[in-house]
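Given next are the chains, with one letter for each unit.
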2 protein chains.
Amino acid sequence: MARAATTADAFNAVAEPRRREILDALAQGERPVNDLVELLGLAQPHVSRHLRVLREVGAVDVRDEGRQRLYRLNPQALKPIHDWVASYQHLWEERFELLEDVLEDLKGEDLKDQESNEN
Amino acid sequence: MARAATTADAFNAVAEPRRREILDALAQGERPVNDLVELLGLAQPHVSRHLRVLREVGAVDVRDEGRQRLYRLNPQALKPIHDWVASYQHLWEERFELLEDVLEDLKGEDLKDQESNEN
DNA sequence: AAATTGTATACCCATATGTATATGCATTGG
DNA sequence: CCAATGCATATACATATGGGTATACAATTT
């Protein structure tokens, strides 16, 4: 077996820096292909290919407008990635959590002043 | 040019599901290779290879303990990924934010007559 | 020292990458 | 209806993946 296809999932699709650039560009709004060609400095066929990959994993949507194809970001496709890394976030922020634990303990010992505050 | 090396950065390293599994396992604590072999149901050489990739991108650290090698998660290596996706988070949560705004407005205007909800 | 255990590395293979280049196919303009 | 424009797809190529299997190496046990 070879490496998983770039179209296998968002993780693979987004591993390619150019595709991240494309998504970054589309985060600012819908764009035709040639806009991206200029922005990335890549040949048009390459951009089209990258867009195809992104489309296949649902990271972008297309819309036909005359002879242009307008690509639009579909951010929800990135959510699985976020969900996965987010579960690690507390690990690199452990120090803060420990601090919070301490504060929690302190609060527990004399919490007669406050009762509810949400964040 | 072929696809970027899996060792190019955390994005590429983590695109492989088995490597994510390994990290998930290590999130619960230091483990020797054979533990992971059993956990993943892969051949030992493959696990060693995956660990090498993860080591090269700094996602894991190793420690020698007798004839075992204990691998440990280094969560900070995942931070760049988190930082990148996090910048998109507000986009897929926009709907909720808008909804919250609306609710806020409704509450402000007449907060006695409110029970319908949207989907 | 020899045997055993725990890992790492070497080699083979099929696959699919990303870039390059050329071509195909709509849509719009004359 | 023909040319031009905006994209997509087809083909060619070097690379390196992940899995398999065999082997090498280090530490411990005997």
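What counts, and at which threshold
- Residues numbered from 1 in each chain as written.
- Chains lettered and ligands numbered in written order.
- Predicted model: local features only at pLDDT ≥ 70, side-chain atom pairs only at ≥ 80, totals over all residues.
- Heavy atoms only, no water.
- Least-squares fit on C-alpha atoms with pLDDT ≥ 70 in both.
- Contact = heavy atoms within 4.5 Å.
- Pairing = 2+ DSSP bridges.
- Helix = DSSP H or I, 4+ residues; strand = E, 2+ residues; numbered from the N terminus.
- Near = heavy atom within 4 Å.
- Polar contact = N/O pair within 3.5 Å; in protein donor to acceptor, adjacent residues only side chain to side chain.
- Nonpolar A, V, L, I, M, F, W, Y, C, P; charged D, E, K, R; others polar.
- Axes fitted to C-alpha atoms, helices over the stretch in contact; angles between N-to-C directions.
- Parallel < 35°, antiparallel > 145°, perpendicular 65-115°, else oblique.
- Left-handed = near helix turned anticlockwise from the far one by under 90°.
- Salt bridge = Lys/Arg side-chain N within 4 Å of Asp/Glu carboxyl O.
- Buried < 20%, exposed > 50% of the residue type's maximum accessible area, 1.4 Å probe, protein only.

1. So, the relation of the copies chain B and chain A
Once chain B has been moved 0.0 Å along the axis and rotated by 180°, it coincides with chain A to within an RMSD of 0.1 Å. Such a combination of rotation and displacement between the chain copies is what one expects of a two-fold axis. An overlap of 96% is found between the interface residues of chain B and their copies at the interface of chain A, pointing to a shared contact surface.

2. Digging into the sheet that holds strand β3 (residues 68-73) of chain B
Taken together, the 3 strands give an open sheet; going across it, the order is β1-β3-β2 (chain B), and neighbouring strands pair in antiparallel fashion. Each having just a single partner strand, β1 (31-32) and β2 (60-65) of chain B make up the two edges of the open sheet.

3. Points about the protein's contact with DNA strand C
Lining the immediate environment of DNA strand C, one finds 26 residues, of which H46(A), M1(B), Q44(B), S48(B) and Y71(B) sit closest. By atom count, sugar and phosphate contribute 61% of the portion of DNA strand C lying within 4 Å of the protein. H50(A) places a side-chain nitrogen or oxygen 3.1 Å from a phosphate oxygen of DNA strand C. Between DNA strand C and R49(B) there is a distance of 3.2 Å, counted from a base nitrogen to a side-chain nitrogen or oxygen. Of all the secondary structure elements, the ones that give two or more residues to the surface near DNA strand C are α4 (44-56) of chain A together with α3 (33-40), α4 (44-56) and β3 of chain B. Here the element with the most residues in the surface near DNA strand C is α4(B); it accounts for 5 residues. Looking at side-chain class alone, the surface near DNA strand C contains 9 nonpolar, 8 polar and 9 charged residues.

4. Regarding the packing of α3(B) against α4(B)
All names here are of chain B. Viewed as axis vectors pointing N to C, α3 and α4 meet at an angle of 110°, and their least axial separation amounts to 9 Å. Judged by the inter-axis angle, α3 sits roughly perpendicular to α4. Considering the relative orientation of α3 and α4, their crossing is right-handed. Facing V33, N34, L36 and V37 of α3, the residues of α4 in contact are Q44, V47, S48 and L51. The residue inventory of the contact of α3 with α4, partitioned by class, reads 5 nonpolar, 3 polar and no charged.

5. Remarks on the pattern of salt bridges
With the rule as written, the count across this model stands at 16 salt bridges over all chains. Here R20(B) ties to D9(A) by a salt bridge, and the two come within 3.8 Å at their closest N and O atoms. Placement of R20(B) in helix α2 (residues 17-26) and of D9(A) in the segment before α1 (10-13) is noted, with the two residues assigned to different chains. Relative accessible area serves as the criterion here: at 22%, D9(A) is assigned to the partly exposed category. The salt bridge involving D64(A) is made with R69(A); its shortest N-O contact spans 3.1 Å. Among the residues examined, D64(A) registers a relative accessible area of 53% and is labelled exposed. For R69(A), a relative accessible area of 37% gives the class partly exposed. Through salt bridges with shared partners, one network takes in E30(A), R63(A), E65(A) and R72(A).

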